[in-house]
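Per-entry structural report
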Amino acid sequence: MQANELKIEIDFNKLGFEIVQTEWMYVSYFKDNKWDDGKIMPYGPIEIFPSANILSYGQGIFEGLKALKSKDNHILLFRPIENAKRFNISAERLAMPSFDNNKFLKAIEEVVLLNKKFIPPYNSGGALYIRPIMIGSGPMLGVAPANEFMVMIYCSPVGSYFNAEGSGIELLISKKYTRSSQGGTGYSKMCGNYAGILKPAKEAKKLGYDEVIYLDSIHMKYISEVGAANFCTIIDGKLVTPKRDGTILEGITLKSVLDLAKKELKIPVRERDISYEELFKPNCTEAFCTGTAAVITPIGSITYGKKRKEFNNKEPGEITKTIYNLLTSIQRLDKKDKYNWVEILE
Ligand SMILES: Cc1ncc(COP(=O)(O)O)c(C=O)c1O
């Protein structure tokens, strides 16, 4: 088996968040009620029937994590077991079969090591983004779970997700669209959750914003999350984030940030309803997004209708910077990883 050997002409310092083809991917099939052993294949197109469940009914989920280089050139993953667990939480919500955590981790390791020439160097600030997906590949006509599934894992080198060049991003609080609702699929990483936010994001970008902040779907008042990242703010010196109530994707970055704030920085943490009106008050001094892709992205401004607020002249706030530095230095092992979050692959 041979992959198309790709010449590396990538400028690792100029990467954004677009797909860059790499050489190898992992594929595993679920048939007759069981998963096969899975195999590594050259990265390339796959064949599925037009009647595959994913194509009509959207039975599909995904994950996202990064392989990073440390200063001394080790290849690192950040809390991959949490992605394995969340993959199965999403699979369960979408009536898909579970996928063994160890198999998931081993497959990721193989894909990363085979594609290691695509991992951006330490000082570029980039990473190899790893995308595991599971789709209902079996043919279905009526609305029902597929009887065949595929897991695929591929990767792409990436730079920063938001093009903010050091200053904070500009976010629009949507009065019109929501991302998820009580009893829905908001807590899972299902494909359809993202299809629904393409139009709101496109409209916001046309108006000059980087992304949308979604509100809860019942009151249209409480902050939910940002397109593909969780939301945090500093109110009266406390780190406040929306309650994880089943409508929000429970971010691994968020979970880590809350732990670091509490345990390392001794910043009080509150998980509670946050009305958008609170963000416009003077005691709300900083805001930022967290996510694998977003890392910690400072929020420079928020807008709701005619109301607009700029945080710190759009510069990252002190607490935001401290959390960013602490998290990223643990992720790259510049600091001791006392919580055992980092896996060294090589
Ligand atoms: C909707 C949504 N919220 C939050 C996050 C952040 O989650 P994590 O920190 O695990 O990447 C993501 C990204 O995965 C996301 O898609």
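Structure first, text after, so check above.
Let me begin by describing the structure that accompanies this report.

**Description of the packing of helix α6 (residues 252-264) against helix α8 (residues 318-331)**
α8 packs onto α6 with a crossing angle of 110° between their chain directions and a minimal axis gap of 10 Å. One way to sum up the angle between α6 and α8 is to call them roughly perpendicular. Here S256, V257, L260, A261 and E264 of α6 come into contact with α8, specifically with I323, L326 and L327. In terms of residue class, the contact of α6 with α8 is made up of six nonpolar, one polar and one charged.

**Let's talk about the nonpolar core**
Within the largest apolar cluster, 45 residues are counted, with the highest numbers of intra-cluster contacts made by M25, A67, V111, L128, I130, M134 and I153. Where this core is concerned, the elements lending two or more residues are β1 (24-31), β5 (65-69), β6 (75-78), α2 (80-93), α3 (101-114), β7 (127-136) and β8 (149-158). With eight residues, the single largest contributor to this core is β8. Those residues in contact with V111 that lie beyond four places of it in its chain are W24, M25, Y26, I130, I153 and C155. Formed by 41 residues, the second largest nonpolar core is a distinct cluster that contains L171, I213, I299 and I302.

**Quick look at α3**
Counted at 1.5 Å a residue, the expected span for α3 with its 14 residues is 20 Å, and the 20 Å between its end C-alpha atoms agrees. For α3, the full list of buried residues reads F104, A107, I108, V111 and V112. Looking down the long axis of α3, one finds its buried residues gathered within 130° of arc, a one-sided arrangement. Where α3 is buried, its residues contact β1, β5, β6, α2, β7 and β8.

**A closer look at α6**
Compared with the 18 Å implied by 1.5 Å per residue over 13 residues, the 17 Å span of α6 between its first and last C-alpha is a close match. Looking at α6, one finds that the buried residues are I252, T253, L254, S256, V257, L258 and A261. Summarising the contacts, the buried residues of α6 are in contact with α2, β12 (230-235), β13 (238-241), β14 (269-271), β15 (284-291) and α8. Directly beyond the C-terminal end of α6, a positive phi value near 55° is found at K266.

**Examining the site of the ligand**
Surveying the vicinity of the ligand reveals 13 residues, the closest of which are G251, I252, T253, G291 and T292. When contributions to the shell around the ligand are tallied by element, the ones reaching two or more residues are α6 and β15. Among the residues forming the shell around the ligand, the class breakdown is five nonpolar, seven polar and one charged.

**Regarding unusual backbone geometry**
The backbone of A95 shows a phi angle near 55°, a positive value even though the residue is not glycine. Take A95: it is sitting in the loop between α2 and α3. A tally of 11 C-beta atoms within 10 Å means that A95 is categorised as exposed. For K266, which is not glycine, the phi dihedral falls at a positive 55°. Its place among the elements puts K266 in the loop between α6 and β14.

Parameters at a glance
Residues numbered from 1 in each chain as written. Predicted model: local features only at pLDDT ≥ 70, side-chain atom pairs only at ≥ 80, totals over all residues. Axes fitted to C-alpha atoms, helices over the stretch in contact; angles between N-to-C directions. Helix = DSSP H or I, 4+ residues; strand = E, 2+ residues; numbered from the N terminus. Parallel < 35°, antiparallel > 145°, perpendicular 65-115°, else oblique. Contact = placed C-beta atoms within 7 Å. Nonpolar A, V, L, I, M, F, W, Y, C, P; charged D, E, K, R; others polar. Core = buried A, V, L, I, M, F, W, Y, C linked by C-beta atoms within 7 Å. Buried ≥ 20, exposed ≤ 12 C-beta atoms within 10 Å, placed from the backbone. Expected span 1.5 Å × (residues − 1). Arc of directions from axis to C-beta. Near = placed C-beta within 6 Å.

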